[in-house]
Every structure is written in structure tokens, then in C-alpha cells.
Amino acid sequence: MAKKQNVKFNGVDIVLGGETYVLPPLPIKAFSKGDASAKIQRIQGEFMKMKDEGTVIASQESVSDLVSLVTMALGRNYPQIDEDVVEDGCEDIMTLFSLFQYLISQSEEMNK
């Protein structure tokens, strides 16, 4: 069963655990009432460090932050979704990184 039917917010189609979802941008409340900005800054800092060191190993905190942000965005269209679906549905860490890059690009587009 496809999960993308009748979504409230537009976004990009993603596949988690064989199911297709629409990943919209992060909600405004993630920034105004949550800690999305701090999580994004922490993740971006770690990405820069990983690039400088030539590694692809992310900290547990960054992976947790990534899962939290993706789950928060998906929750706009799928209120019942939880972090287990995101964690279990991602094929690998690079998939999670790609989802994060999409969330960031969406935020940048909205700020133009």
C-alpha cells in the first residue's frame, strides 16, 4: 500500500522500507518551538568535519538528530509515523544523509 495518497503538504517522494512517502519541508514550529536550528547546525558541523577528515562515520547524536528531523517533516503528512519507521526504513546512513540534504535544500528555497 502506497503511503503517498492524500497528503497535506507537497514534497519529494521517498522510499522507506519499500513504502513511498512524501517528505515535505520541516514545519515552522520545528524552528520556532523546537530545536531544529540547533540540530541542523550540529549536523552540518559534523558533516564539515567528516569531509575534512575524509570519513563517513557520523556520531550517534547526529544520526539521532537526522532521524528526528526527518520524522518531524514526515509527521506533517503522516501524523502516526514514528522514528522506528524512519530508522528501520532507511537502507543505510547515506540514505539518511540524502534525506537531510533534501530538507536543507527545501528550507533554503523557502528563504529565497
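Data block above holds the structure.
A brief look at the structure comes next.

Criteria and cut-off values
- Residues numbered from 1 in each chain as written.
- Predicted model: local features only at pLDDT ≥ 70, side-chain atom pairs only at ≥ 80, totals over all residues.
- Heavy atoms only, no water.
- Helix = DSSP H or I, 4+ residues; strand = E, 2+ residues; numbered from the N terminus.
- Buried < 20%, exposed > 50% of the residue type's maximum accessible area, 1.4 Å probe, protein only.
- Lys, Arg positive; Asp, Glu negative; His and termini not counted.
- Salt bridge = Lys/Arg side-chain N within 4 Å of Asp/Glu carboxyl O.
- Contact = heavy atoms within 4.5 Å.
- Pairing = 2+ DSSP bridges.
- Core = buried A, V, L, I, M, F, W, Y, C linked by side-chain atoms within 4.5 Å.
- Patch = residues over 30% accessible without salt bridge, like charges linked within 9 Å, V, L, I, M, F, W, Y side chains within 5 Å.
- Areas by Shrake-Rupley, 256 points an atom, 1.4 Å probe, with all protein chains shown as cover.
- Charge placed at Lys NZ, Arg CZ, Asp CG, Glu CD.

## Re the side chain of Glu46
Next, step 1: The topology assignment puts Glu46 in helix H2 (residues 36–53).
Next, step 2: Of the side chains with opposite charge, Lys49 comes closest to the buried, unpaired Glu46, at an N-O distance of 7.2 Å.
Next, step 3: Leaving out residues up to four positions away in the same chain, Glu46 has contacts with Ile57, Ala58, Ser59 and Ser62.

## So, the pairing of strand S2 (residues 19–23)
Next, step 1: Sheet analysis places strand S1 (residues 12–16) next to S2, joined by five bridges and oriented antiparallel. Of the residues in S2, the one forming a bridge with Val15 is Thr20.
Next, step 2: Where S1 folds back onto S2 in an antiparallel hairpin, the turn is made up of two residues, including Gly17, whose phi is positive at roughly 55°.

## Observations regarding the nonpolar core
Next, step 1: Formed by 29 residues in total, the largest nonpolar core has its most connected members in Leu23 and Leu74.
Next, step 2: Elements with a contribution of two residues or more to this core: S1, S2, H2, helix H3 (60–74) and helix H5 (93–110).
Next, step 3: Each residue touching Leu23, except ones within four places of it in the same chain, is listed here: Gly11, Val12, Ile14, Val70, Ala73, Leu74, Leu99, Tyr102, Leu103 and Gln106.

## Things to note about a negative patch on the surface
Next, step 1: Judged by side-chain charge, Asp82, Glu83, Asp84, Glu87 and Asp88 come together as a negatively charged surface patch.
Next, step 2: Mapped onto the elements, Glu87 comes out in helix H4 (residues 83–89).

## With respect to the pattern of salt bridges
Next, step 1: Under the definition given, this model contains three salt bridges.
Next, step 2: In this structure, Arg42 and Asp65 form a salt bridge, with 2.8 Å as the shortest nitrogen-oxygen distance. With a gap of 23 residues between them, Arg42 in helix H2 and Asp65 in helix H3 connect regions that are remote in the sequence.
Next, step 3: Taking relative accessible area as the criterion, Arg42 reaches 32% and is therefore assigned partly exposed.
Next, step 4: By sharing partners, the salt bridges in this structure join Arg42, Glu61 and Asp65 into a single network.

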